[in-house]
Amino acid sequence: MSAESLKVLAKLKTTVRSYFPDAPLEIIDRAFAFSEKAHEKQKRSSGDPYIIHPTEVALSLAEMNLDIATIITGLLHDTVEDTGVTLEEIQVNFGKDVAELVDGVTKLSKITFRTTEEKQAENFRKMIIAMAKDIRVILVKLADRLNNMRTLKYLAPEKQQRIAQETLDIYAPIANRLGIGWLKIELEDLCLRYLHPDVYTKLGELVAKKKAVRDKFIESFTELLKERLEEYEIKAQISGRAKHFFSIYKKMDRRKVDFDQIHDLIAFRIVVDNITECYKSLGVIHAAFKPVPGRFKDYIAMPKANSYQSLHTTVIAEGGDRIEIQIRTQEMNSVADSGIAAHWKYKEGRFVAKTTGGKSNENVEWVNRLLEWNKDLSDPAEFLETVKIDLFAEDVFVFTPKGEVKELPYGATPLDFAYCVHTNVGNMCVGAKVNGKIVPLKYRLKSGDTIEVITNPQGQPSKDWLKIVKTSRAKAKIRAVIKQQERDRALQIGKDLLEKALKPFGLSQSKIEKSGDFDRLWKDHLSLRSPDELFIGLGYGRIYPERAIEFIVPKDAQEKKLELAKGADETFLKKVLNAAKRKTESKNAILVADLDDILIRFGRCCSPLPGDSIVGFITRGRGVTVHTSTCTKAIDSDQARRVDVQWNRGTVSTGLRRQVRIRILCLDQPGLLAVMSQTISACSVNISSANIRTTKDKKAIAVFDVEVADIQQLTKVTSALEGKKGVISVERVKS
């Protein structure tokens, strides 16, 4: 046993005892010894004994006040996947409940996939299913990811960025949705450290520089708040803190300002005894300080989706500083910190929702909503994008004409509201009234709006709607209709193409169906699931008609017909059987599965770079168009057109460079353009064009077209630029 692992074990047991005085600590010691023996030959990337990792995972679970079975699972979660231990051994030694939890966590890691985005999406599917079955599985996974992020410095830079991005995309939002505030904050700050190291370092220096002044202000303002509340006999616990790095970074990015222009860096929390005193405290504060218009939010009357409740207001203190204040009860404060762990208790062998006044506080409806997407969406990329929209949603509360409240994400439109009411209402929507006035469908809803949807039975979704809607439900329903329309068109085109290809040989679809050749064609020769798949593949250009001809028509008959077709360059037969080889834009930078000598185009919407995860889509007459896997055009396209593509590493490594555009928001100050140009050049990157303009608020927007070898070189450039004084944000432009 290492001294470090014993130290963590002792802290684990002390933490468990703090909320469970009668906890059977003997079983924790047994699980620790069992895990240590299983992992005895393993080391972490840091060189430390592996046992430290599961022990720290268990400690994080104890800090969430979870039950003994979950903590034991934390200690054992890697044993089945990484060692020779079986689930049967775990069940014999620690019981069925622990074995099922370990199995649930293990299954999240075991499946393999063809592509990175498919792996990420399918892992998330499994998380959703596991979450619905037993929420503790995902809590163990979150604790596991937290410890991995804390020790990320020992991995290679490429792995650091990949894991940090996945954490920011999936795990931090899950922690937020489950209401575990401290975990979400720590994950986000760790992600910033590895995704934008220069920004993280710069923020650290700037925040540290102002620490003494900030601490003095927190002390004096806390005393002032206390005095004001005591005048009205309100007993309160008051605390102040600087906002975490990621929160500051997002504010800078959202407001497009530099650090010095962020004035609300400090937040105060007031915890009182009951809801009445929450509103009473709010009145006292607004009487004492000038509130900032539009910055008051009542999450007590209308809680967030993760059950978070609090009053939020921003006031102007002496000296003009903006101060954010949150007011809540002790119970609300517990929920804000612990999230779902505050809502659930272990009872009779399972987690059940606590109740208050006969009403259940369970609020994990979003898990059920994601389960619906799991059933409806077969494409991994679309499922993952849908999930991200749902996880990142902020709240807007609007009303139906009958006064029913609907919760929608910030930026939602009347179309989102229509699909929230019913799929058919959304599909047939032709207009909307907000507060009695007709508004355009792209109108952004505000909390308190009352919406009336105008429908027409002849109405149908437009592809342009995808640019308007914000909710995952609306996007999924619109895509489903559009893709079905595209498939119906492709189906008819495919049938026509097959008939035309067969006609020169005196054949037709009905004739080959009678002979049995048709069934053998799509079932045996092409290994498809249905005849419709054959027609759709022909319609999209994924399957060439000559493949059907080669299988159905004898070779001598094909050659005879070709001989007769000589001199008739425009005959359909010659086009079908003599597909011309074309030069491609990619210069063999892209390898396409099962297709040779095909025209390759890069989507201008996303400008893929070597290193980007990519997908290909066949377009009739235009070859294969390559998009990044996260490009909205790729997600919106029918997956029947999709082909597997990958970067040709041999060609990419020979120095092929692609042009990409970056946009830099910076302060309008002398010499900064030269600094940015020199920074780009210092990364061995050529600037092919540059454009800069100033804005009314004394900022500048610089747009550079640069030539880079791959995504790693682009990341190096953007990271270097972000570290320069005066630079506010750097982003890759995707039209």
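Structure: above.
Conventions used here
Residues numbered from 1 in each chain as written. Predicted model: local features only at pLDDT ≥ 70, side-chain atom pairs only at ≥ 80, totals over all residues. Heavy atoms only, no water. Salt bridge = Lys/Arg side-chain N within 4 Å of Asp/Glu carboxyl O. Buried < 20%, exposed > 50% of the residue type's maximum accessible area, 1.4 Å probe, protein only. Axes fitted to C-alpha atoms, helices over the stretch in contact; angles between N-to-C directions. Helix = DSSP H or I, 4+ residues; strand = E, 2+ residues; numbered from the N terminus. Parallel < 35°, antiparallel > 145°, perpendicular 65-115°, else oblique. Left-handed = near helix turned anticlockwise from the far one by under 90°. Contact = heavy atoms within 4.5 Å. Nonpolar A, V, L, I, M, F, W, Y, C, P; charged D, E, K, R; others polar. Pairing = 2+ DSSP bridges. Arc of directions from axis to C-beta. 1 Å grid on protein atoms, 1.4 Å probe; cavity = no way out; pocket = protein on both sides within 12 Å on 5 of 7 lines; lining within 4 Å. Points joined across faces, edges and corners; volume = space filled by probe spheres on them.

Trainee: Explanation requested: the pattern of salt bridges in the structure shown.
Mentor: Oppositely charged side chains can pair when the atoms bearing their charge come close. According to the stated counting rule, one finds 15 salt bridges in the structure shown. Note that E404 is salt-bridged to K406, the shortest N-O span being 3.3 Å. Overall, the relative accessible area of 44% leaves E404 in the partly exposed class. A salt bridge links D517 to R520; the nearest nitrogen and oxygen atoms lie 2.3 Å apart.

Trainee: Explain the packing of helix α2 (residues 25–38) against helix α4 (residues 68–76) to me, please; I cannot follow it from the model alone.
Mentor: To characterise two packed helices, one gives the angle between the axes of the helices and the distance between these axes. Remark: α2 packs on α4, axes separated minimally by 9 Å, with the N-to-C direction vectors making an angle of 15°. Judged by the angle between their axes, α2 and α4 are roughly parallel. In the crossing of α2 with α4, the sense of the turn from one axis to the other is right-handed. Residues I27, I28, A31, F32, F34 and S35 of α2 form the contact with α4, whose own contacting residues are I68, I72, L75 and L76. Here the contact of α2 with α4 is composed, by residue class, of nine nonpolar, one polar and no charged.

Trainee: Help me out: how do you make sense of the sheet that holds strand β18 (residues 614–619) in this one?
Mentor: Strands belonging to one sheet form pairs held by backbone hydrogen bonds; the direction of such a pair is parallel or antiparallel. Taken in spatial order, the four strands line up as β17-β19-β18-β20 in an open sheet, and their pairing is mixed. Edge positions in the sheet fall to β17 (600–602) and β20 (642–643), since each of these pairs with one other strand and no more.

Trainee: Sorry if this is basic, but what is going on with helix α24 (residues 517–525) here?
Mentor: Structural remark: α-helix, 3.6 residues per turn; residues separated by three or four positions point the same way. Regarding α24, the residues found buried are D517, F518, L521 and W522. Angularly, the buried residues of α24 cover 125° about the axis, an arc narrow enough to put them on a single face. Against the buried residues of α24 lie α22 (472–502), α23 (509–515), α25 (531–540) and α26 (545–552). Positive phi shows up at S527, right after α24, with a value of about 50°.

Trainee: Teacher, can you tell me more about empty space enclosed by the protein here?
Mentor: Regions of empty space are outlined by a rolling probe, equal in size to a water molecule, passed over the atoms. Using the criterion set out here, one finds three cavities of 30 Å³ or more in the structure. The computed volume of the largest cavity comes to approximately 70 Å³. Forming the boundary of the largest cavity are V199, K202, Y249, M252, E722, V727, I728, S729 and V730. At the level of elements, α12 (197–209), α14 (245–255) and β25 (727–732) are the ones that each hand at least two residues to the lining of the largest cavity. With four residues, β25 is the single largest residue contributor to the lining of the largest cavity. Taken together, the residues of the lining of the largest cavity break down into six nonpolar, one polar and two charged.

Trainee: For this particular structure, what's the right way to read the environment of A175?
Mentor: Following the sequence through the fold, A175 ends up in helix α10 (residues 157–177). We classify A175 as buried; its relative accessible area is 0%. If we ignore the near neighbours within four places in the chain, the residues touching A175 are L142, I180, L183 and K184.

Trainee: Would you explain the sheet that holds strand β13 (residues 429–434) in this entry?
Mentor: Pairing in this open sheet of three strands is antiparallel, and the strands run β14-β13-β15 from one edge to the other. Looking at strand neighbours, the two that pair on one side only are β14 (437–439) and β15 (451–455), the edges of this open sheet. Averaged over neighbouring strand pairs, the angle between their axes works out to 35° when direction is ignored. In this sheet, β15 lies alongside β13 in antiparallel orientation, the contact comprising five bridges. Its bridge partner lying in β15, C429 is registered against T455.

Trainee: Which parts of the structure should I look at to understand the pairing of strand β5 (residues 311–316)?
Mentor: Within a regular strand, the side chains alternate between the two sheet faces. Buried residues dominate β5, accounting for five of its six residues. Where strand β4 (residues 297–298) lies against β5, two bridges are found, and the strand directions are antiparallel. When the bridges of β5 are listed, D298 appears paired with L311. Counted along the chain from β5 to the antiparallel partner strand β6 (residues 322–329), the turn is five residues long, and its residue G319 has a positive phi close to 95°.

Trainee: Would you take a moment to explain unusual backbone geometry for this structure?
Mentor: Across the chain, the bulk of peptide bonds are trans and the bulk of non-glycine residues have phi less than zero. Of note, S527 is a non-glycine position whose phi angle comes to about 50°, a positive value. Along the polypeptide, S527 turns up in the loop between α24 and α25. Judged by relative accessible area, which is 59%, S527 ranks as exposed. A positive phi angle, near 40°, is found at S607, a position not held by glycine. Residue placement: S607 occurs in the loop between β17 and β18.

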